[in-house]
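# Architecture and fold: a report
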Amino acid sequence: MSKLFASLRSTVKDLLTRKGRSFLTVLGIVIGVSGVIIIISLGAGAQTLVLGQITKLGTNIIGVLPGKSNDNGPPAAVFGVQVKTLVESDLEAIKDKKKVPNVVEIASFVRGNVTITSGKESVDTSFTATDSSYPRVQNVEMDHGSFFSDEEGRASANVIVLGYDVALALFPNGGDMGSIVKIKSPNNDIGSIPFRVIGVQKKLGTVAFQNQDDQVFIPFSIGQRQLLGINYIQFVRMKVDDSQNIKIAMEDVRRVLREEHRITNSENDDFSVRDLVDAIKVLTSITDALRMFLGLMASISLIVGGIGIMNIMLVTVSERTREIGLRKSIGATRKQIRNQFLFEAILLTFTGGIIGILFGILLSYLITIGVRFAGYDWAFIISPTAVVLATLVSIITGIVFGLYPALKAAKLDPIVALRYE
């Protein structure tokens, strides 16, 4: 044990005599290890963000989109392709409790971009035309006022619910309730349509990658026919009574839509029925694969750092050839010479690994603060496995890339080494 401590003291002393070179060598490992820690941390944070955005909608939600898709890909409607196969009669059929008993709430949707004005204030935003059941499907709460009722929806009343940010932009001094705002329709033949403000949605932030506070809500029929001038539904969301009944409800919805569309072969489906549980599984597998790929890419920098260590150690062996010859001439064994240079490489990489871990954790934390400040629900995650792995990899890097220079030093002939200039 005393010999080991003596070797370590000698190693540290030799490294301190070459501070500049030792610093640059350690720096390569610091960059590599901190890169691995940061990328794994950011990958985990991004995964929690993505999954969190999805689960905010609720795990007992079923979505129906027009257009066929396979199990692993999105329907065409996701890419902005207009598919008109989902209509109001389909919605009424799904609402039949005898046919789809496990669906407790259902809401249809169309969306578009509009300009809303109130006096001198004007806001470019998006509108969501939906049914009165929207708050119950999406678990939405009101900041003040109320969402439009079933009667207002059926009567196509000119009422509007503002998102939190839109309300602040249009009415910076308050007084939004009962005020009249005008929506300029994308259909230029109609012009501006007046709406009475009946409520403001509670501040929600970003959900499913959409700012829920930067939008307005109006009855479905007005948005569909007057603003967009269409006769089809862009998508439907429905809430199931129990998450255990999701698969049953999905099959019921598929069966009903096939009956409505006179489809006898499922291969000819012109719609897609999806649930959030499947979406979460797909996203989890994608983000896991992405995290692994990024981690492997970051590990390449450790290899680069290891090659740098080997080069430095080879130069060190060359510079200390006479010293090696002198030590061997007074009785130092090959093992002692090998261990000295191997200890130097391991100590350099271990030191770089520890500093890299601390620096990676610090930088990951600062990035998390920045992302949270931008309004995203980003989790600060440092995997203990990643820390242990980074430490082991740094040590192994020192052993692997330090072994060749150490063996080269140990094999030097003492007589030739003493004559080396």
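Up top you'll find the structure we're talking about.
Being a predicted model, the structure only gives us computed values, none of them experimental.

### Structural notes on the overall build of the protein
Secondary structure summary: the protein contains 13 helices and twelve strands in total. Going through the 421 residues of the protein one by one, you find that 43% of them count as buried. At a minimum sequence separation of 6, the contacts of the protein that also span at least 24 residues come to 76%. About 21300 Å² of surface is accessible on the protein, with carbon and sulfur atoms providing 61% of the total.

### Considerations on the pairing of strand β10 (residues 215-219)
In terms of burial, β10 is a largely internal element, five of the five residues being buried. Across five bridges, the pairing between strand β3 (residues 121-130) and β10 is parallel. Opposite Thr-128, over in β10, you have Phe-217 as the bridge partner. Relative to β10, strand β5 (residues 159-162) runs antiparallel, the two being bridged by two bridges. In the sheet register, Leu-162 faces β10, and the bridge partner there is Val-216.

### Some points on the nonpolar core
Ranked by internal contacts, the top residues of the largest apolar core, which has 47 residues, are Ile-160, Leu-162, Ile-218 and Met-238. Ignoring any residue separated from it by four or fewer positions in sequence, one finds Ile-218 in contact with Phe-127, Thr-128, Ala-129, Thr-130, Phe-148, Val-159, Ile-160, Ile-183, Phe-195, Gly-223 and Leu-227. If you look at the next biggest cluster of nonpolar residues, it comprises 19 residues, including Leu-348, Ile-357, Ala-386 and Ala-390.

### Regarding the packing of aromatic side chains
According to the stated counting rule, one finds seven aromatic pairs in the structure shown. Between the aromatic rings of Phe-109 and Phe-235, the centroid separation amounts to 4.6 Å while the plane-to-plane angle is 5 degrees, which identifies the pairing as stacked. Of this pair, Phe-109 sits in strand β2 (residues 103-118) while Phe-235 sits in strand β11 (residues 235-240), placing them 126 residues apart in sequence. Between the aromatic rings of Phe-147 and Phe-148, the centroid separation amounts to 4.4 Å while the plane-to-plane angle is 35 degrees, which identifies the pairing as tilted. Considered together, Phe-147 and Phe-148 belong to a single accessibility category, that of buried residues. Joined through ring pairs, the aromatic side chains of Phe-109, Tyr-134, Phe-147, Phe-148, Phe-217 and Phe-235 make up one cluster. Above the plane of the ring of Phe-109 lies Arg-237, whose end atom (NZ or CZ) is 5.7 Å from the centre.

### Here's the deal with the pattern of salt bridges
This structure, assessed with the given rule, holds eleven salt bridges. Through salt bridges that share partners, Asp-165, Lys-203 and Asp-213 make up one connected network.

### Looking at the side chain of Asp-269
The residue Asp-269 is located in the loop between α8 (246-260) and β12 (271-275) in this model. Only 2.8 Å separates the side chain of Asp-269 from the side chain of Arg-258, close enough to count as a polar contact. Residues in contact with Asp-269, not counting those within four places in the same chain, are Lys-68, Arg-258 and Ile-263.

### Digging into a nonpolar patch on the surface
A grouping of Leu-290, Met-292, Phe-293, Leu-294, Leu-296, Met-297, Ile-300 and Val-304 is seen on the molecular surface, where their side chains present a nonpolar patch of about 770 Å² in accessible area. Looking at the secondary structure, you find Ile-300 in helix α9 (residues 276-319).

### Regarding the pairing of strand β6 (residues 180-184)
In the case of a regular strand, side chains alternate between the two sheet surfaces. Residues of β6 alternate between two faces, with Val-181 and Ile-183 buried on one and Ile-180, Lys-182 and Lys-184 left unburied on the opposite face. Note that β2 and β6 share three bridges and pair antiparallel. Pairing of Thr-115 across the sheet is with Lys-184, part of β6.

### Section: the side chain of Ser-34
Along the chain, Ser-34 falls in helix α2 (residues 19-55). Under the relative-accessibility criterion, Ser-34 is labelled buried at 5%. Only 2.7 Å separates the side chain of Ser-34 from the backbone oxygen of Val-30, close enough to count as a polar contact. Setting aside residues no more than four positions away along its own chain, Ser-34 makes contact with Gly-356, Phe-359 and Gly-360.

### Examining unusual backbone geometry
Phi is positive for Asn-139, which is not a glycine, with a value near 55 degrees. Although it is not a glycine, Ser-156 adopts a positive phi angle of roughly 55 degrees. You can see Ser-156 is positioned in the loop between α5 (150-154) and β5.

### Details of the environment of Glu-105
With respect to the helices and strands, the residue Glu-105 is situated in strand β2. Glu-105 sits 28 residues away from Ser-133 along the chain, and the two C-alpha atoms are 6.6 Å apart. Leave out the neighbours within four places in its chain, and Glu-105 touches Ser-133, Arg-136, Val-137, Arg-237, Met-238 and Lys-239. Looking at Glu-105, its side chain comes within polar contact range of the side chain of Arg-136, at 3.0 Å.

### A few points about helix α7 (residues 220-227)
Where burial is concerned, most of α7 is hidden: six out of the eight residues are buried. Phe-220, Ser-221, Ile-222, Gly-223, Gln-224 and Leu-227 are the residues of α7 that are buried. Just downstream of α7 lies Gly-229, where phi reads positive at about 65 degrees.

### Quick look at the environment of Gly-353
Mapping Gly-353 onto the fold places it in helix α11 (residues 334-373). Judged by its relative accessible area of 1%, Gly-353 falls in the buried class. The sequence separation of Gly-353 and Val-30 amounts to 323 residues, and the corresponding C-alpha distance is 5.9 Å.

About the thresholds
Residues numbered from 1 in each chain as written. Predicted model: local features only at pLDDT ≥ 70, side-chain atom pairs only at ≥ 80, totals over all residues. Heavy atoms only, no water. Helix = DSSP H or I, 4+ residues; strand = E, 2+ residues; numbered from the N terminus. Buried < 20%, exposed > 50% of the residue type's maximum accessible area, 1.4 Å probe, protein only. Contact = heavy atoms within 4.5 Å. Areas by Shrake-Rupley, 256 points an atom, 1.4 Å probe, with all protein chains shown as cover. Pairing = 2+ DSSP bridges. Core = buried A, V, L, I, M, F, W, Y, C linked by side-chain atoms within 4.5 Å. Phe/Tyr/Trp six-rings, centres within 6.5 Å; stacked < 30°, edge-to-face > 60°. Lys NZ or Arg CZ within 6 Å of the ring centre and 35° of its normal. Salt bridge = Lys/Arg side-chain N within 4 Å of Asp/Glu carboxyl O. Polar contact = N/O pair within 3.5 Å; in protein donor to acceptor, adjacent residues only side chain to side chain. Patch = residues over 30% accessible without salt bridge, like charges linked within 9 Å, V, L, I, M, F, W, Y side chains within 5 Å.

Structural measurements only, silent on function.
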